[in-house]
Amino acid sequence: IKCNFCSRENSVNVVSMSGVYTHDDSEASRFVELAVFDCRGVELCEFEPRSGWRCTGNGTSSVFDDVDLSDDFADYDDKASSAVGIANFEHKIDKSGGGGKGKGKKK
């Protein structure tokens, strides 16, 4: 990303996206670190979850690929014979260390 005013090169790189959010986290209304970004000359002020998320069934090995968290998600887990879903996705950006951490919470 190049600044139009000073021509300085800035960047945002994904350091990791290894966060796991569980049903227990949801029940406790806990935020969990989902991603870590390295920001150089840039400050993250908003996060749009969009598509590409991978979710697994609670207590099963069922996988739901390319989940779009910009809207509520609903599906059926055949292995658990149960409806699954993610609604009211919330996030906050925690600015700490050398980069901001995107934390998410689902209700």
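Here we summarise the structure given alongside this text. Just so it is clear, the model here is predicted, and its values are computed rather than measured.

1. Considerations on the overall build of the chain
Part 1 of the argument: Secondary structure assignment for the chain yields 1 helix and 8 strands.
Part 2 of the argument: Starting at the N terminus and walking to the C terminus, you meet the elements of the chain as β-α-β-β-β-β-β-β-β.
Part 3 of the argument: Counting across all 107 residues of the chain, residues that qualify as buried make up 27%.
Part 4 of the argument: For the chain, long-range pairs separated by at least 24 residues make up 37% of all intrachain contacts whose partners lie at least 6 apart in sequence.
Part 5 of the argument: Of the roughly 7300 Å² of accessible surface on the chain, 45% is carried by carbon and sulfur atoms.

2. Looking at the nonpolar core
Part 1 of the argument: Ranked by size, the top nonpolar core spans 11 residues in total: Tyr-21, Val-32, Leu-34, Trp-53, Cys-55, Phe-64, Val-67, Leu-69, Phe-73, Ile-86 and Phe-89.
Part 2 of the argument: At the level of elements, strand E2 (32-40), strand E3 (53-56) and strand E4 (63-67) are the ones that each hand at least two residues to this core.

3. Some details on the packing of aromatic side chains
In this description, an aromatic ring pair is defined by two values, namely the gap between the centres and the angle between the planes.
Part 1 of the argument: Enumeration according to the criterion identifies 2 aromatic pairs in this entry.
Part 2 of the argument: Geometrically, the ring pair formed by Phe-47 and Trp-53 is edge-to-face, given 6.4 Å between the ring centres and 80° between the ring planes.
Part 3 of the argument: A relative accessible area of 21% means that Phe-47 is categorised as partly exposed.
Part 4 of the argument: For the ring pair Phe-64 and Phe-73, a centre distance of 5.9 Å and an interplane angle of 70° mean the geometry is edge-to-face.
Part 5 of the argument: Residue placement shows Lys-92 over the ring face of Phe-31; its charged tip is 4.8 Å from the ring centre.

Calculation criteria
- Residues numbered from 1 in each chain as written.
- Predicted model: local features only at pLDDT ≥ 70, side-chain atom pairs only at ≥ 80, totals over all residues.
- Heavy atoms only, no water.
- Helix = DSSP H or I, 4+ residues; strand = E, 2+ residues; numbered from the N terminus.
- Buried < 20%, exposed > 50% of the residue type's maximum accessible area, 1.4 Å probe, protein only.
- Contact = heavy atoms within 4.5 Å.
- Areas by Shrake-Rupley, 256 points an atom, 1.4 Å probe, with all protein chains shown as cover.
- Core = buried A, V, L, I, M, F, W, Y, C linked by side-chain atoms within 4.5 Å.
- Phe/Tyr/Trp six-rings, centres within 6.5 Å; stacked < 30°, edge-to-face > 60°.
- Lys NZ or Arg CZ within 6 Å of the ring centre and 35° of its normal.

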